[in-house]
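Here is how the chains run, residue by residue.
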Amino acid sequence: MNQAQLNNLALKILLVSHGYLLFVEKQSFSAYTIGLVILTIIFSRFSEKLNLAIETQVKNIAQFLLISVLTIIYILVFIPFSFFRKKHLVTKSNFTIMESDQIQFERPW
Amino acid sequence: MYTLGISAFYHDSAAALIKNGKVIFAAQEERFTRIKGDSNFPTNAIRFLLTEEGITLNDLENIVYYDKPWKKFERIVDTILLTSPRSFKQFLNAMPSWLGEKLYFRTLLKKHFKNIDPSFNGKRVMFSDHHFSHAASCFYTSPFEESAALVVDGVGEWATLSIYKFTKNSHKLLKQMNFPHSIGILYSAFTFYCGFKINSGEYKLMGLAPYGRDKEAIKIQEIIEKNLFTTFDDGSIELNLENFEFHHGLKTINDKRWKELFKHSVRSEEDELTQFYCDFAKASQLAVEKILLKITKHVKEITLSENLCFSGGVALNCVANSKIKEQNLFRNIWIHPAPGDAGGAIGAALGFYFKDKQYKKREDHFNAYLGPEYSDQEILRSIKKFKLKHNKKVIVESIESIAKDLAEGKVLGWFQGKMEWGPRALGNRSILASPLEQTMQKKLNLKIKFREGFRPFAPITIESKAHKYFEPNYSNPYMQFTQRVKSYKKIDSEEFKSLSNIESDFPSITHLDGSARLQTVNSEQNPLITCLLEKFELVTGYPILINTSFNVRGEPIVCSPIDAIRCFLSTEMDILVLGNFILRREENLDAITNFKPEVFNKD
């Protein structure tokens with residue numbers, strides 16, 4: 001039995017025992033307990049869906065914020081800077097002469 | 001002294017373990033995860049290497065990643081700047097993953113290593129250069145002590161083509177062509193236009209080319225060369241970027257422009273493969289070959305070397321490789337069995353190891369059998385899991401009867417020893433069949449591999465006997481070149497070209513242009529399959545078999561006995577030889593009927 005099933009079982013036991021107290025022993029306070037148990041059962045059934053819905057909404061909001069921030073960066077930084085970038089002109093060859101004989105293994109750049 | 005090389009996060013993730021400058025194990029992640037071209041961190045591959053050698057991550061002297069991620073980031077930012085504001089979509093697409101994880105590369109790698117071994121002590125990871133990793137994977141596994149090295153691929157960090165000169169003590173990067181001007185991307189654009197997937201469909205385009213008509217292909221080639229790029233005398237190219245979108249958008253080509261140029265729209269995967277796309281495939285192959293021949297001529301001029309090491313994804317184009325070889329500019333050409341990104345794992349580790357050591361050339365063939373091997377007990381456990389009927393006999397004693405089965409036209413799954421390194425099955429994870437039957441090509445394509453009917457199959461033969469059936473004569477142990485079938489005769493036909501338009505002693509392995517992507521093998525490289533070829537010759541008179549990778553369309557080549565059994569059960573394969581165990585289709589019909597085959601994404 002997993003935790004959810006155990007909780008469910010406990011709620012059912014509560015429901016049966018307080019049902020007995022209410023209807024047989026006429027203990028009126030058990031009506032509040034029964035109401036609470038029923039609410040808990042209903043809520044537990046929908047809590048997973050609710051969690052998922054909240055998570056999705058938060059994710060969407062976060063994604064929207066990220067896209068907004070990136071868009072602002074693009075408009076304020078990338079577009080203005082692009083005017084200063086000059087296109088590489090190719091005439092006789094598109095090879096760049098390198099003449100390098102070292103690899104800097106320590107660096108990721 | 002152990003060095004671990006890794007390639008990951010783009011495509012074909014892999015890991016390689018080097019011991020004192022020698023590759024002892026290497027494998028691609030896709031073989032373990034069963035996801036073709038898997039780009040995730042090669043957790044399973046690394047676990048395999050460490051377990052086989054009986055070491056932990058803390059026993060490694062060095063860990064080397066195959067490229068420089070920050071340089072790559074710089075290229076992306078620079079390209080976005082240059083193509084702004086058209087690059088907005090690409091910017092939004094690329095930035096989250098870079099800003100989220102990829103920029104903190106050491107932390108990211110450490111997290112993955114901790115996942116493999118929680119006691120990992122956080123060794124500092126080294127970073128090679130993408131094209132240097134390719135070049136090093138080739139030179140440091142070659143039989144040369146001095147060589148020119150040419151790397152051609154889609155793109156590394158910035159470079160799309162690099163020319164190096166290697167000696168046993170040093171290396172020098174001489175020239176480089178930079179993004180966005182790329183021969184690899186150009187070929188991928190052709191692949192996309194013909195309706196195949198980029199990074200996996202390039203070899204289909206190559207296989208389709210011989211179906212093209214000469215005159216029409218030349219006309220298309222003229223349009224390609226006039227409109228898509230400019231070639232300079234030294235072979236470098238400049239793409240006409242108005243016709244492409246890969247540098248600023250999420251698509252590779254400008255569909256509208258290509259439609260205007262070629263009068264046909266981009267083919268989608270489901271569309272019929274019409275004669276136009278065959279002509280286009282031929283034209284694109286010819287255009288790329290022409291560029292490569294110019295470049296290799298320039299490589300010869302500036303390096304004056306007798307040897308060439310060729311690597312990068314473009315080096316998988318065995319038709320172009322053969323043209324380079326036939327040019328006779330270089331006395332020797334060496335192409336590593338995995339010239340693509342997976343090979344970068346070996347190159348990163350070897351390049352780092354030899355940075356301050358002298359390389360002594362190999363006298364033997366590079367051993368491409370570097371993957372997992374399974375014992376009889378492990379194989380038997382897998383057979384029992386599927387409750388299959390089987391016979392066990394020492395494989396050498398069964399070889400004669402297996403050869404007879406093959407001669408009768410049966411199709412065989414052949415699973416022996418260590419898995420091959422690289423994209424090609426080299427006789428340890430292979431589907432074998434007789435090349436003598438006309439219908440075998442169709443049968444294998446449609447009933448075993450479930451792939452397009454036009455695709456050719458490759459032959460395997462004994463090195464010392466290859467000259468009798470194929471020309472020119474040279475050893476080709478990793479299928480990196482195509483050779484001509486001597487008995488090939490073309491039947492001229494005005495109709496749509498098909499494999500029935502040819503005459504050959506080996507119709508199932510002869511492509512429409514008379515070529516075959518041959519693998520030569522000798523008893524030193526692979527004694528078992530050499531023995532099988534000898535027995536097949538005794539029965540049929542020919543030491544040649546069809547050798548195709550042991551998988552179905554969209555599936556990575558099988559790695560474990562379980563993968564092999566699944567493939568056997570889901571196809572119409574007649575026999576499965578798993579080490580010393582033989583499983584026959586007719587004895588396992590119930591299991592085959594009840595088996596639910598795995599579904600792979602079509603490549």
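Residues numbered from 1 in each chain as written. Chains lettered and ligands numbered in written order. Predicted model: local features only at pLDDT ≥ 70, side-chain atom pairs only at ≥ 80, totals over all residues. Heavy atoms only, no water.

Our next topic: unusual backbone geometry. All names here are of chain B. Note the cis peptide between Phe179 and Pro180, where omega equals 10 degrees. Along the chain, Pro180 turns up in the loop between strand E8 (171-178) and helix H7 (183-193). The step from Glu471 to Pro472 runs through a cis peptide bond, and the omega angle for that step is -10 degrees. Considering the arrangement of structural elements, one finds Pro472 in the loop between strand E17 (470-471) and strand E18 (483-485). Here Asp12, not a glycine, exhibits a phi torsion of approximately 55 degrees, which is positive. Within the secondary structure layout, Asp12 lies in the loop between strand E1 (2-7) and strand E2 (14-19). One non-glycine residue with positive phi stands out, namely Asn328, at about 60 degrees. Relative to the elements of secondary structure, Asn328 occurs in the loop between helix H12 (318-326) and strand E12 (332-334). (Helix = DSSP H or I, 4+ residues; strand = E, 2+ residues; numbered from the N terminus.)

The next point concerns the sheet that holds strand E13 (residues 391-392) of chain B. All names here are of chain B. Spatial strand order, E13-E25-E24-E14-E15-E23-E16-E22: eight strands in an open sheet with mixed pairing. Where the open sheet ends on each side, the last strands, each with one partner, are E13 and strand E22 (519-521). Relative to E22, strand E16 (residues 459-462) is paired through three bridges, and the arrangement is parallel. Bridging from a neighbouring strand, Ile462 pairs with Val521 of E22. On the sheet, helix H14 (residues 376-385) packs against E13, strand E24 (575-578) and strand E25 (581-584) and is oriented at approximately 20 degrees with respect to E25. The strands that helix H16 (residues 440-448) touches are strand E15 (429-433) and strand E23 (544-549); relative to E15, the one it contacts most, it runs at about 135 degrees. (Pairing = 2+ DSSP bridges. Contact = heavy atoms within 4.5 Å. Axes fitted to C-alpha atoms, helices over the stretch in contact; angles between N-to-C directions.)

A surface patch of nonpolar side chains, amounting to about 960 Å² of accessible area, comprises A:Val69, A:Ile72, A:Ile73, A:Ile75, A:Leu76, A:Val77, A:Phe81, A:Phe83 and A:Phe84. Of note, A:Phe83 is situated in the loop between helix H2 (30-82) and strand E1 (95-100). (Patch = residues over 30% accessible without salt bridge, like charges linked within 9 Å, V, L, I, M, F, W, Y side chains within 5 Å. Areas by Shrake-Rupley, 256 points an atom, 1.4 Å probe, with all protein chains shown as cover. Salt bridge = Lys/Arg side-chain N within 4 Å of Asp/Glu carboxyl O.)

A separate point is the pairing of E23(B). Residue and element names in this part refer to chain B. Here E23 lies mainly inside the structure; six of its six residues are buried. The alternating pattern of E23 places Ile544, Ile546 and Thr548 and Leu545, Asn547 and Ser549 on opposite faces, both of which are buried. Pairing geometry for E15 and E23, over four bridges, is antiparallel. In the strand pairing of E23, Ile431 is matched with Thr548. (Buried < 20%, exposed > 50% of the residue type's maximum accessible area, 1.4 Å probe, protein only.)

What follows is about the pattern of salt bridges. All names here are of chain B. Tallied over the full model, the rule gives 30 salt bridges over all chains. One salt bridge in this structure joins Glu30 and Arg31, with 3.0 Å as the shortest N-O distance. The pair Glu30 / Arg31 is uniform in exposure class, with both members buried.

Another point: the interface of chain B and chain A. The partner chain A presents 33 residues to the 47 residues of chain B that form the contact. Where chain B abuts chain A, roughly 3500 Å² becomes buried across the two surfaces, and 68% of that area is made up of carbon and sulfur atoms. Here chain B and chain A share one salt bridge between them. As a salt-bridge pair, A:Glu99 and B:Lys172 come within 3.1 Å of each other at their nearest N and O atoms. (Buried area = accessible area lost by both parts, 1.4 Å probe.)

A word on the packing of aromatic side chains. All names here are of chain B. All chains considered together, the criterion is met by 56 aromatic pairs over all chains. Residues Phe470 and Phe506 carry aromatic rings whose centres are separated by 6.4 Å and whose planes lie at 20 degrees to one another, so their mutual orientation is stacked. With Phe470 in strand E17 and Phe506 in the loop between strand E20 (502-503) and strand E21 (515-516), this pair connects stretches of sequence that are 36 residues apart. In terms of burial, Phe470 and Phe506 fall into one category: buried. Members of the aromatic cluster, each reached through a chain of ring pairs, are Phe179, Tyr187, Phe190, Tyr193, Phe244, Phe246, Trp258, Phe262, Phe276, Tyr277 and Phe280. Geometry around Phe415 places Arg429 over its ring, the cationic atom sitting 3.9 Å from the centre. (Phe/Tyr/Trp six-rings, centres within 6.5 Å; stacked < 30°, edge-to-face > 60°. Lys NZ or Arg CZ within 6 Å of the ring centre and 35° of its normal.)

In spatial order, the strands read E1(A)-E8(B)-E7(B)-E6(B)-E11(B)-E12(B); together these six strands make up an open sheet with mixed pairing. Looking at the sheet topology across the chains shown, the edges are occupied by E1 of chain A together with E12 of chain B. On average, each strand axis in the sheet is tilted by 20 degrees relative to the strand beside it, whichever way the strands run. Two strands pair when backbone bridges link them, and strand E6 (residues 146-152) of chain B and strand E11 (residues 307-311) of chain B are joined in this way by four bridges, in the parallel orientation. Along E11(B), the bridge assignment pairs B:Val151 with B:Ser311. Against the sheet, helix H11 (residues 275-303) of chain B touches E1 of chain A together with E6, strand E7 (159-167), E8 and E11 of chain B, its axis set at about 35 degrees to E7(B).

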